[in-house]
Amino acid sequence: MKRGKSKADAPKKADSKLSVKKGPERASKKPRKSKADKDPNKPKRPASAFFVFMEEFRKSFKEKNPNNKSVSVVGKAGGDKWKSLSEAEKAPYVAKAAKFKTEYTKKIAAYNKNQSGGGSHAAGDEDESDKSKSEVNDDEEDEEGTEEEEEDDE
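Residues numbered from 1 in each chain as written. Predicted model: local features only at pLDDT ≥ 70, side-chain atom pairs only at ≥ 80, totals over all residues. Heavy atoms only, no water.

- Looking at an unreviewed UniProt entry, the protein chain carries the name (wild Malaysian banana) hypothetical protein, with the source organism given as Musa acuminata subsp. malaccensis.
- What the UniProt record of the protein chain gives under Subcellular location (unreviewed entry) is the line "Nucleus". (UniProt positions renumbered as here; feature names shortened; annotations may be inferred.)

So, in structure tokens, the structure goes:
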């Protein structure tokens, strides 16, 4: 049996729209922008209430289902459980998330201050020393403040 020529057997014609441009034609395009490098010293964003809940939920789910290796199953079960919780049941997780957010705002403010000041110390080292200084200074100020108040009262 003879077959007729099909479209696949026919010589292919180069499509100008699909061809890859090489050489000087490509050079005229704009250069690609690269992402800015991430600073490893920058504080991580705080976890939302849902993620605070999921930390706890993963542990309990793992105890109940030790043979489960699928991450997606845990995520779906956690999402369903979160949706079924009432506002009162979500309140502790929301409170923890708010606490994490306030800590983050303090850390990011210190980080931004160090970045604008162009500090030569690493942000992590600077942050630790700021905490210790503020705790010591707060204690001294409280003691001095009470002594001054006592002197003023006399």
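Don't stop here, the text continues.
**Observations concerning helix α2 (residues 49-64)**
- The end-to-end C-alpha distance of α2 is 23 Å, a good match for the 22 Å that 16 residues give at a rise of 1.5 Å each.
- Of all the residues in α2, the buried ones are Ala 49, Val 52, Phe 53, Met 54, Phe 57 and Phe 61.
- Along its buried surface, α2 packs onto α3 (71-84) and α4 (87-117). (Helix = DSSP H or I, 4+ residues; strand = E, 2+ residues; numbered from the N terminus. Expected span 1.5 Å × (residues − 1). Buried < 20%, exposed > 50% of the residue type's maximum accessible area, 1.4 Å probe, protein only. Contact = heavy atoms within 4.5 Å.)

**Some points on the confidence of the model for the protein chain**
- In the predicted model, the protein chain carries a mean pLDDT of 75, and the fraction of residues at 70 or more is 56%.
- Across the protein chain, the element-wise mean pLDDT spans from 48 in helix α5 (residues 123-153) up to 95 in α3.
- Low pLDDT, under 50, characterises residues 122-127; the predicted model gives this stretch seven contacts beyond four residues in sequence or across chains.
- Counting contacts from residues 132-151, a segment whose pLDDT is below 50, to residues more than four positions away or on other chains yields zero contacts. (pLDDT = per-residue confidence, 0-100.)

**Describing the packing of α2 against α4**
- The N-to-C vectors of α2 and α4 enclose an angle of 115°; their axes lie 8 Å apart at closest approach. Pair α2 / α4 crosses with right-handed handedness. Residues Ala 49, Val 52, Phe 53 and Glu 56 of α2 touch α4, and the partners they reach there are Tyr 93, Val 94, Lys 96, Ala 97 and Phe 100. (Axes fitted to C-alpha atoms, helices over the stretch in contact; angles between N-to-C directions. Left-handed = near helix turned anticlockwise from the far one by under 90°.)

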